[in-house]
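If you want the building blocks of each chain, they are given just below.
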Protein chains: 2
Amino acid sequence: MVKILELHRALVKLLVVWSLICLVAFSTVEARVRHYRWNVNYEYKSPDCFQKLVITINGGTPGPTILAQQGDTIVVELKNSLLTENIAIHWHGIRQIGTPWSDGTEGVTQCPILPGDTFKYKFVVDRAGTFMYHGHYGMQRAAGLYGSIIVSLPSEASEPFAYDYDRNIILNDWFHKSTYEEATGLSSIPFVWIGEPQSLLINGRGRYNCSLLANPSLEACNVTNPECSPHVVTVIPGKTYRLRIGSLTALSALSFQIEGHNFTVVEADGHYVEPFVTKNLFIYSGETYSILVKANQDPSRNYWMTTNVVGREPKTPTGLAILNYYPTHFRKSPATVQTTGPFWNDTAPRVAQSLAIKALQSSIHTPPLTSDRTIVLLNTQNKIDGYFRWSLNNVSFSVPHTPYLIALKEKLNLNNVFDQKPPPENYDFKNYDIYSVAKNTNATSSNGLYRLKFNSTVDVVLQNANTMTANNSETHPWHLHGHDFWVLGYGTGKFDVTKDVAKYNLVNPIMKNTVPIHPYGWTALRFQADNPGVWAFHCHIESHFYMGMGVVFESGVEKVGKLPSSIMGCGETKGFHRP
Amino acid sequence: MVKILELHRALVKLLVVWSLICLVAFSTVEARVRHYRWNVNYEYKSPDCFQKLVITINGGTPGPTILAQQGDTIVVELKNSLLTENIAIHWHGIRQIGTPWSDGTEGVTQCPILPGDTFKYKFVVDRAGTFMYHGHYGMQRAAGLYGSIIVSLPSEASEPFAYDYDRNIILNDWFHKSTYEEATGLSSIPFVWIGEPQSLLINGRGRYNCSLLANPSLEACNVTNPECSPHVVTVIPGKTYRLRIGSLTALSALSFQIEGHNFTVVEADGHYVEPFVTKNLFIYSGETYSILVKANQDPSRNYWMTTNVVGREPKTPTGLAILNYYPTHFRKSPATVQTTGPFWNDTAPRVAQSLAIKALQSSIHTPPLTSDRTIVLLNTQNKIDGYFRWSLNNVSFSVPHTPYLIALKEKLNLNNVFDQKPPPENYDFKNYDIYSVAKNTNATSSNGLYRLKFNSTVDVVLQNANTMTANNSETHPWHLHGHDFWVLGYGTGKFDVTKDVAKYNLVNPIMKNTVPIHPYGWTALRFQADNPGVWAFHCHIESHFYMGMGVVFESGVEKVGKLPSSIMGCGETKGFHRP
């Protein structure tokens with residue numbers, strides 16, 4: 001008996017010590033610096049059951065999820081273990097305030113990271129929310145180089161909505177051809193188009209119908225491969241889940257559904273949304289949303305989570321994941337017919353969702369009521385010397401091989417780096433018919449940039465138009481680096497600088513970093529050029545940016561701190577030495 | 001009539017002017033600097049009728065042939081237009097006397113050339129002969145990045161053999177998988193082997209049997225594609241042709257034949273050979289030969305030129321080109337059964353050819369009669385941490401990410417660059433059984449190098465052994481950068497440092513830059529370390545070097561001239577600035 005008491009006392013002591021250890025450990029979790037060591041490599045993977053070479057981080061695609069708290073410093077030491085290929089990683093949605101050299105945009109903010117090199121990205125996650133990271137060099141994002149960044153609120157703060165658990169989901173489309181093959185096709189005469197994706201991935205898992213192949217075993221396509229078993233979100237009946245959903249598709253606009261469940265949209269790109277209930281979430285590449293879903297359905301079965309292509313005629317099967325009700329077995333497939341999304345070519349509900357997304361009443365950041373400068377960007381498909389391109393105001397962007405940030409900050413000979421003529425601020429509004437194929441589809445190429453007065457307020461109007469195919473206008477998701485912008489309005493047809501400006505939402509516009517323009521429509525944004533650096537603004541469709549659909553903004557580069565020498569080594573910065 | 005006379009006079013004048021232009025142009029051809037502008041890109045090509053992505057130079061693979069005269073300076077301005085991939089090009093057989101930074105060996109003599117960069121290679125071709133160039137970074141040679149260098153004698157000199165015309169042929173083996181796939185497989189556990197080549201190419205043209213594919217049209221495999229029509233050498237009956245034959249296979253040892261014709265071997269790696277007549281030329285990757293063939297057969301038909309895999313069980317069809325007798329139509333296929341080469345597993349004739357190749361009596365460069373140092377390199381297949389590797393004396397080479405040449409010449413902190421411990425000079429001669437799988441197949445990895453006393457005479461004995469497969473020993477072609485070596489002897493079994501040295505051929509050894517070791521055999525070389533720089537010496541099988549089958553020699557690096565800054569920018573040379 002005495003012995004039992006002694007044992008009990010010893011156990012209590014142990015428990016106290018353990019609690020102290022946990023407290024210390026917890027403080028460590030709360031610490032300000034989160035250090036990651038990543039190794040980037042090529043590996044054979046079967047995300048959709050079809051085996052192919054993918055770019056992995058620490059053996060996986062998607063890569064590790066970065067979990068942090070607002071105000072933390074993230075350090076990622078990235079080892080490039082590819083054989084002959086450089087890399088760069090962009091931290092999508094992180095503004096990089098004070099660290100513009102960590103934005104990870106090859107040719108804009110850094111030289112690429114060479115094979116064998118270890119590069120240190122270091123930046124503060126200054127705002128809670130749902131973010132992502134991905135390759136920003138060539139088309140490496142589409143080769144598998146991507147993942148999630150989840151930033152939680154400071155310990156003392158609380159979200160303006162209630163939920164029990166937090167889960168994150170990243171959507172992607174997946175192609176069996178390599179990004180080399182895709183890029184070569186895009187740069188060929190005749191143009192070779194990779195076609196629609198073979199599958200849609202939810203958290204890196206999809207399902208390709210291997211029997212479509214002439215010889216599935218030769219191709220190492222195997223639907224029983226555990227790498228392509230569907231992603232499972234297990235829920236406890238009665239609980240509410242915050243699903244953080246991001247899209248990093250190379251091409252596709254998506255809708256997302258949960259069979260038998262409505263859900264409430266509460267966050268977009270790290271900003272609170274005035275909640276609204278829906279059955280379909282439309283999500284464009286580069287966007288993130290949080291939705292709240294209550295596990296309030298029959299718990300004796302599971303439910304499909306589905307994602308579909310919208311905006312392009314879908315030739316890709318629905319992407320599937322499983323909402324698993326505890327204690328139902330997670331591999332029990334839902335017996336019901338899969339939920340189908342809205343019609344792919346019905347633009348109206350997508351425009352309606354865009355219009356529905358407003359800032360949460362209690363957390364509105366009021367925009368400046370006027371702007372200092374308006375840049376109108378006509379989005380067109382063009383040809384240059386017979387090659388297909390995308391252009392803004394008939395100028396197609398080409399990435400320079402000396403990063404702007406270094407060239408401008410270090411006052412290199414700019415004539416050697418980029419075109420000194422800034423790109424146009426507008427198009428021929430009067431005469432251009434956005435509903436027809438342009439009379440002259442030729443464009444010019446440039447890597448000139450827009451220099452914005454520091455702290456000025458800038459409006460950008462994205463104007464959609466017909467592509468080079470009659471009766472066709474595509475959806476483009478535009479992503480701004482280094483800033484969030486207010487979404488002041490969406491409209492159909494040609495933006496009218498007087499009438500439409502008067503209708504801008506200056507009361508409760510949402511702030512975002514990525515926004516779509518809808519077919520034949522326009523989208524108006526406003527942002528404050530208050531982040532010293534050089535920042536890309538581009539269509540987030542991988543092939544469109546590759547084909548020139550982007551611009552670059554510089555602002556306050558003279559206020560940028562000392563650049564790390566690690567970002568140098570290419571183009572005019574080779575052997576560069578600060579005197 | 002007068003008019004006709006006037007016309008005649010005008011024509012005569014024109015002819016005179018034209019002759020003068022030609023004379024000037026001819027002088028230009030004779031000029032000392034030959035300037036090339038090359039653009040390196042990925043393109044879809046069908047060298048063996050199967051379409052795949054290849055690396056091209058100015059749109060072709062093989063790339064342009066460099067034609068020069070002894071003493072000329074070659075300038076190649078190389079623009080890297082790949083999307084995310086660096087490059088480096090080695091000028092195989094050119095010693096780079098005074099320009100070791102132009103040797104093009106990534107990690108040894110230069111940093112890789114980044115996408116968007118233009119790099120200038122500049123070097124003198126100091127010796128007439130048949131040479132080659134190829135990618136020397138990752139496995140880019142096997143992706144199509146290669147070509148020929150033909151250096152003719154000075155105008156006043158003449159060859160020690162007679163011929164009417166000069167033609168060159170470059171042999172290669174061809175794989176349908178990408179070099180990324182191959183490299184990833186080699187670095188995987190379990191090891192994934194790419195298998196035997198799908199075809200053999202003669203001047204970039206082969207013939208894959210598309211009907212072996214499940215769906216040839218889906219794969220864009222088309223035997224009528226003109227890109228894969230066989231290479232044709234047209235000959236005039238009675239004339240003698242010098243065929244310059246080089247091999248840049250990734251894997252295969254080859255034999256080469258011309259149906260119905262004997263030929264005379266007269267040159268090897270830029271050195272004259274005491275002529276001998278044969279029906280089969282054995283050629284290993286990295287070697288070049290000149291053969292003389294007389295067009296003395298029935299001129300009413302054509303003849304196959306054939307190449308076959310030897311030394312490995314061939315699973316690749318014979319490579320074919322056409323010897324076309326003028327005026328027979330060049331597309332008239334020889335009706336006869338194709339010439340077949342010797343048995344693939346008959347080593348004896350291959351060893352016999354190696355032994356037959358001696359320096360031409362009238363052009364012997366006598367070797368030093370003794371050497372200052374002997375390095376014995378035991379060639380073995382090994383494992384490190386479960387990965388397959390190739391090793392020398394149980395040390396497997398890994399390429400550093402800061403080039404040795406820069407680190408040593410610029411006196412960087414060498415500890416950060418490569419292992420300071422030099423690799424071993426010998427193996428456990430007494431106890432090692434070269435005829436069995438090693439008792440302990442584990443090896444270690446290193447990027448240490450051998451530092452050779454400047455101007456010293458160095459012997460290298462390459463000792464072959466059993467691989468990790470019982471009763472298997474492979475052929476390895478060894479290539480030395482920056483020097484030619486004397487081939488002092490070949491033997492079977494374990495090299496004996498006293499008995500075998502006594503049998504060295506010090507009378508008329510051929511000089512070469514590439515030499516095979518035969519299965520279970522040894523090969524002894526001697527060279528003078530008289531070229532200041534850092535030089536790779538490695539197995540020329542692309543995958544073997546990738547897996548560690550190489551060493552590096554440094555000699556007289558302090559005598560190297562000022563390094564161009566263009567070779568820097570990677571590893572420890574990033575932002576390096578000469579004080």
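Residues numbered from 1 in each chain as written. Chains lettered and ligands numbered in written order. Predicted model: local features only at pLDDT ≥ 70, side-chain atom pairs only at ≥ 80, totals over all residues. Heavy atoms only, no water.

- In the annotation of an unreviewed UniProt entry, chain A is listed under the name L-ascorbate oxidase and assigned to Rosa chinensis.
- Of chain A, the UniProt comment under Subunit (unreviewed entry) reads exactly: "Dimer." (UniProt positions renumbered as here; feature names shortened; annotations may be inferred.)

Overview of the interface of chain A and chain B
Many analyses report the size of an interface as the accessible area lost when the parts associate.
Turning to step 1, where the next piece is worked out: Opposite the 35 residues of chain A that make contact, chain B presents 35 residues.
Turning to step 2, where the next piece is worked out: Of the roughly 3100 Å² buried at the junction of chain A and chain B (both faces included), carbon and sulfur atoms supply 62%.
Turning to step 3, where the next piece is worked out: For the chain A face of the interface with chain B, the top three residues by lost area are Tyr44(A), Thr84(A) and Lys574(A), together amounting to 21%.
Turning to step 4, where the next piece is worked out: Remark: the boundary between chain A and chain B carries two salt bridges.
Turning to step 5, where the next piece is worked out: Taken together, the links from chain A to chain B amount to 14 residue pairs in polar contact (both at pLDDT 80 or more).
Turning to step 6, where the next piece is worked out: Of all the elements in the fold, those that place two or more residues in the side of chain A that touches chain B are strand 1 (33-45) and helix 2 (179-186) of chain A.
Turning to step 7, where the next piece is worked out: Broken down by element, the side of chain A that touches chain B gets its largest block of residues, five residues, from helix 2 of chain A.
Turning to step 8, where the next piece is worked out: Its residues placed into classes, the side of chain A that touches chain B shows 16 nonpolar, 14 polar and five charged. (Contact = heavy atoms within 4.5 Å. Buried area = accessible area lost by both parts, 1.4 Å probe. Salt bridge = Lys/Arg side-chain N within 4 Å of Asp/Glu carboxyl O. Polar contact = N/O pair within 3.5 Å; in protein donor to acceptor, adjacent residues only side chain to side chain. Helix = DSSP H or I, 4+ residues; strand = E, 2+ residues; numbered from the N terminus. Nonpolar A, V, L, I, M, F, W, Y, C, P; charged D, E, K, R; others polar.)

A short note on the sheet that holds strand 1 of chain A
Turning to step 1, where the next piece is worked out: Pairing in this open sheet of four strands is mixed, and the strands run 2-1-4-6 (chain A) from one edge to the other. With one partner strand each, in any of the chains shown, strand 2 (52-57) and strand 6 (118-124) of chain A form the two edges of the open sheet. For this sheet, the mean inter-axis angle between neighbouring strands, taken without regard to orientation, is 20 degrees.
Turning to step 2, where the next piece is worked out: Where strand 1 of chain A and strand 4 (residues 73-80) of chain A come together, eight bridges link them in parallel fashion. Paired with Val40(A) across the two strands is Asn80(A), which belongs to strand 4 of chain A.
Turning to step 3, where the next piece is worked out: Across the sheet, helix 2 (residues 179-186) of chain B lies against strand 1 and strand 2 of chain A, angled at about 110 degrees from strand 1 of chain A, the strand it touches most. (Pairing = 2+ DSSP bridges. Axes fitted to C-alpha atoms, helices over the stretch in contact; angles between N-to-C directions.)

Examining empty space enclosed by the protein
Turning to step 1, where the next piece is worked out: Applying the stated criterion across every chain, the model contains 16 cavities of 30 Å³ or more.
Turning to step 2, where the next piece is worked out: Contributing to the lining of the largest cavity are 13 residues, with Leu251(A), Ala253(A), Arg312(A), Thr475(A) and Ile541(A) lying nearest its centre.
Turning to step 3, where the next piece is worked out: Considering only residue class, the lining of the largest cavity consists of six nonpolar, five polar and two charged.
Turning to step 4, where the next piece is worked out: Both domains that meet at the lining of the largest cavity, namely domain 1 (34-356) and domain 2 (364-562) of chain A, each give it at least three residues.
Turning to step 5, where the next piece is worked out: In this structure, the second largest cavity spans a volume of roughly 100 Å³.
Turning to step 6, where the next piece is worked out: Around the second largest cavity sit 13 residues that line it, and Leu251(B), Ala253(B), Arg312(B), Thr475(B) and Ile541(B) are the ones nearest its centre.
Turning to step 7, where the next piece is worked out: Of the residues belonging to the lining of the second largest cavity, the class tally is six nonpolar, five polar and two charged.
Turning to step 8, where the next piece is worked out: Built from parts of two domains, the lining of the second largest cavity gets at least three residues from each of domain 2 (163-356) and domain 3 (364-569) of chain B. (1 Å grid on protein atoms, 1.4 Å probe; cavity = no way out; pocket = protein on both sides within 12 Å on 5 of 7 lines; lining within 4 Å. Points joined across faces, edges and corners; volume = space filled by probe spheres on them. Domains from an automatic or database assignment.)

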